[in-house]
Amino acid sequence: MFQLGKTIVSEDIIQKDFVCNLSACKGACCIDGEAGAPLEVSEVQKLNEVYPIVKPYLRNEGIEAIESQGAYIKTVEGELETPLINGADCAYVIFDENSTAMCAIEEAYNQGEIDWKKPISCHLYPVRVQEYTEFSAVNYHKWEICDDACTLGQELQVPVYKFVKEALIRKFGEDWYLELEKIAIGLNK
């Protein structure tokens, strides 16, 4: 672990390799698990704003889940998440012609209809950020459904932090990322 500004960063994001391999996993991170995608407080309003534009991209099950639960949910622990369809798929999941799970929010973004790509937790994955009063913890999340992504990352020699560069800059800023790169160079010597 090392400190970078107001973050405590796991060395795993520098030392582990990762490149999503959607042809292998079919987007399992969006449909496996027991919870929706973690949301930041600022994203709740954004979800409510983009929902009418994203709605035509959604599956009927997703629309039903969102309209019955809301664009987001608050857990008993007070955490904010995307709603799920019958306790499984994220309500914002759609499938392409290869049955690969995709994000309807990101699809609307890719089509130029909205200016918000998707929740930052999704964009950052496999990096997870835990907010504390004085700092943010930046960690690599190892999940067996991503084993093919780890293998592909090793083959291509792409460390986690480079794979999620755009998302890290979105979350922490370009200066933070440039400092992270300097630390990575120092650790890899």
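Above this text sits the structure in question.
Let us look at the structure shown here. For every chain, the first residue of its written sequence is number 1, and the numbers climb from 1 along that sequence. Side-chain atom pairs in this predicted model are given and counted only at pLDDT of 80 or more, local residue features only at pLDDT of at least 70, and totals for whole chains, interfaces and linings cover all residues. Derived side-chain values reflect all non-hydrogen atoms in the structure, with water molecules and hydrogen atoms excluded from consideration.

### What to know about the overall build of the chain
1) Next: A tally of helices and strands in the chain yields ten helices and ten strands.
2) Next: On C-alpha atoms alone, the chain measures out to a radius of gyration of 17 Å, which is about the 16 Å that the 2.2 N^0.38 rule sets for 189 residues.
3) Next: Considering only C-alpha atoms, the chain reaches an extent of 50 × 40 × 35 Å along its principal axes.
4) Next: Relative to its 189 residues, the chain shows a buried fraction of 42%. In this text, helices come from DSSP runs of H or I with a minimum length of four residues, and strands from runs of E with a minimum of two, each type numbered from the N-terminal end. Taken over C-alpha atoms, the radius of gyration is set against a globule rule of 2.2 Å times the number of residues to the power 0.38. Think of it in three bands: residues with accessible area under 20% of the maximum for their type are buried, residues over 50% are exposed, and the middle band is partly exposed, with areas taken using a 1.4 Å probe on protein chains only.

### Considering the side chain of S121
1) Next: Secondary-structure assignment places S121 in helix 6 (residues 120–124).
2) Next: Overall, S121 belongs to the buried group, its relative accessible area being 10%.
3) Next: Only heavy atoms matter for contacts: two residues are in contact if any of them lie within 4.5 Å across the pair. Ignoring any residue separated from it by four or fewer positions in sequence, one finds S121 in contact with A37, P38, V127 and R128.

### So, the sheet that holds strand 2 (residues 7–9)
1) Next: Any two strands are treated as partners once DSSP identifies two or more bridges connecting them. Ordered by their spatial adjacency, four strands build an open sheet running 1-2-10-9, and the pairing between neighbours is mixed. Where the open sheet ends on each side, the last strands, each with one partner, are strand 1 (2–4) and strand 9 (127–131). Averaged over all adjacent pairs, the angle separating strand axes in this sheet is 25°, with direction ignored.
2) Next: Bridge count between strand 1 and strand 2: three bridges; the pairing is antiparallel. Paired with Q3 across the strands is I8, a residue of strand 2.
3) Next: Along the sheet, helix 9 (residues 165–172) contacts strand 2, strand 9 and strand 10 (136–140); its crossing angle with strand 9, the most-contacted strand, is approximately 15°.
4) Next: Against the sheet, helix 10 (residues 174–187) makes contact with strand 1, strand 2 and strand 10, and its axis sits at roughly 150° relative to strand 1, the strand it touches most. Angles run from 0 to 180 degrees between N-to-C directions of axes, and those axes are lines fitted to C-alpha atoms, restricted for helices to the stretch in contact.

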